[in-house]
Amino acid sequence: MLLLYCMASEAGAPPAPLRGVDGAAVEHADEAGVRCYFSRLESLPARDAREQALGFHQVVSAVFRSATVVPFRFPTVLADEAALRRWLGERASAVARELQRLDGQVQMELRISAEAAAAPAGGRAYLEARRDELRHLGATAQRARDAAGDLIAEARERETQHGLRCYCLVRRADVAAFQQRVGALELEGARLLVSGPWPPTEFLAPDVVNA
Amino acid sequence: MPAKPEILTVGAGEENDISLLDILDHVLNAGVVIQGSLVISLAGVDLVYVGLNVVLTSVETALRYIGKGDQRPLPPPAER
């Protein structure tokens, strides 16, 4: 079976020979300008799952260092190369469109959470505290976006169980400036983790993500 | 007292518990999903996914344990 890692433009040179999950060779298939990286595996056992996931990440990272990539979610597996060619034949043009649209851009993420506070007593008090907390986190997210405003091509926000996640699309060349500006913020009552650069998965067209 | 944001540069070779969780979170939750791929039909793969997801649901919780400069140890997995 084939374990799929990611897709990138066929125009870029592939990274030096890579070893992927479980030490398997990393190969690629090309279709309509899209290069898909994969490994042939006998099985994908549950043991060493963490190591396999990290091995997967290392391959995607190696390609991502020099190219815009569309990663697969781990573990995405197809039966054989014929199945991969069929899938690419149907989807490569949409993926190529997204690779071109997002070329040279990466995703920076802001995880914003509240400082730990005593749990309010009662349902109403809890809901009011939650509302105030989300307002405060939203204001913090806005401050971060304002600090790096001219560097952000597009931003999306999502509420999570413990706070907010904000995704910012920035040019790869602007990552250090983005980190510097957001990193200079002074926070009151909130924690902010800036992580990236990541492949711009939050900005992919839905028909590419759910293929 | 005001706090500063924490910066994690992915790929900088400075992995700690939080950046590893962040990486695993992305590996499992971001990217293209092929409907009908073998993933859903392989019991072993399902176990891989479920097993990792149990840990990954705790990412946001784990982040709460990072203080301003003082990094408290993560709680044991059962508490995350």
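Anything mentioned here points back to the structure above.
What you see is a predicted model; the values in this text were computed from it and never measured.

Rules used throughout
- Residues numbered from 1 in each chain as written.
- Chains lettered and ligands numbered in written order.
- Predicted model: local features only at pLDDT ≥ 70, side-chain atom pairs only at ≥ 80, totals over all residues.
- Heavy atoms only, no water.
- Pairing = 2+ DSSP bridges.
- Helix = DSSP H or I, 4+ residues; strand = E, 2+ residues; numbered from the N terminus.
- Axes fitted to C-alpha atoms, helices over the stretch in contact; angles between N-to-C directions.
- Contact = heavy atoms within 4.5 Å.
- Core = buried A, V, L, I, M, F, W, Y, C linked by side-chain atoms within 4.5 Å.
- Buried < 20%, exposed > 50% of the residue type's maximum accessible area, 1.4 Å probe, protein only.
- Salt bridge = Lys/Arg side-chain N within 4 Å of Asp/Glu carboxyl O.

(A) The sheet that holds strand S1 (residues 6-9) of chain B, seen in detail. Overall, mixed pairing links the five strands, which are arranged S7(A)-S8(A)-S6(A)-S9(A)-S1(B) in an open sheet. Both outer strands of the open sheet, strand S7 (152-160) of chain A together with S1 of chain B, are each paired with one neighbouring strand and no more. Strand-to-strand, the axes of this sheet are offset by a mean angle of 20 degrees, without reference to chain direction. One ladder, built from four bridges, connects strand S9 (residues 190-198) of chain A with S1 of chain B; its direction is parallel. Each residue of the ladder has a partner; that of Gly196 of chain A, found in S1 of chain B, is Thr9 of chain B. Taken strand by strand, helix H4 (residues 175-183) of chain A contacts strand S6 (105-114), S7, strand S8 (163-171) and S9 of chain A together with S1 of chain B, and its axis lies near 15 degrees from that of S6 of chain A.

(B) Structural view of the environment of Thr140 of chain A. All names here are of chain A. Within the secondary structure, Thr140 sits in helix H3 (residues 123-147). Considered as a pair, Thr140 and Pro206 are 66 residues apart in the sequence and their alpha carbons are 28 Å apart. With sequence-adjacent residues up to four places away left out, Thr140 is seen in contact with Ile112, Leu187 and Ala190.

(C) Layout of the environment of Gly33 of chain A. Residues and elements named next belong to chain A. Inspection of the secondary structure puts Gly33 in the loop between strand S2 (27-31) and strand S3 (34-40). When the C-alpha positions of Gly33 and Ile112 are compared, they lie 38 Å apart, and in sequence the two are 79 residues distant. Leave out the neighbours within four places in its chain, and Gly33 touches Ala8, Ser9 and Glu10.

(D) Structural view of the nonpolar core. The biggest cluster of nonpolar side chains holds 50 residues, and the ones touching the most others in it are Tyr5, Leu110, Ile112, Val170, Phe178, Val182 and Leu192 of chain A. At the level of secondary structure, the elements contributing two or more residues to this core comprise strand S1 (2-9), helix H1 (49-64), S6, H3, S8, H4 and S9 of chain A together with helix H1 (17-29) of chain B. Of all the elements, H1 of chain A adds the most residues to this core, at seven residues. Ignoring any residue separated from it by four or fewer positions in sequence, one finds Ile112 of chain A in contact with Leu137, Thr140, Ala141, His162, Gly163, Leu164, Ala190, Arg191 and Leu192 of chain A. Core analysis: the second largest hydrophobic core is formed by 28 residues, Met7, Ala29, Val34 and Leu204 of chain A among them.

(E) Just the pattern of salt bridges, in detail. Enumeration over the complete set of coordinates arrives at 18 salt bridges over all chains. The partner of Glu27 of chain A in a salt bridge is Arg40 of chain A, with the nearest N and O atoms 2.8 Å apart. On the criterion of sequence distance, the pair formed by Glu27 of chain A in strand S2 and Arg40 of chain A in strand S3 is long-range, its members being 13 residues apart. The salt bridge partner of Glu202 of chain A is Arg158 of chain A, with a shortest N-O separation of 2.7 Å. Residue Glu202 of chain A is found in the loop between S9 and helix H5 (206-209), and its partner Arg158 of chain A is found in strand S7; the two are separated by 44 residues along the sequence. For Glu202 of chain A, a relative accessible area of 22% corresponds to the partly exposed category. Here the residues in one salt-bridge network are Glu109, Arg111 and Arg165 of chain A together with Asp22 and Asp25 of chain B, joined through shared partners.

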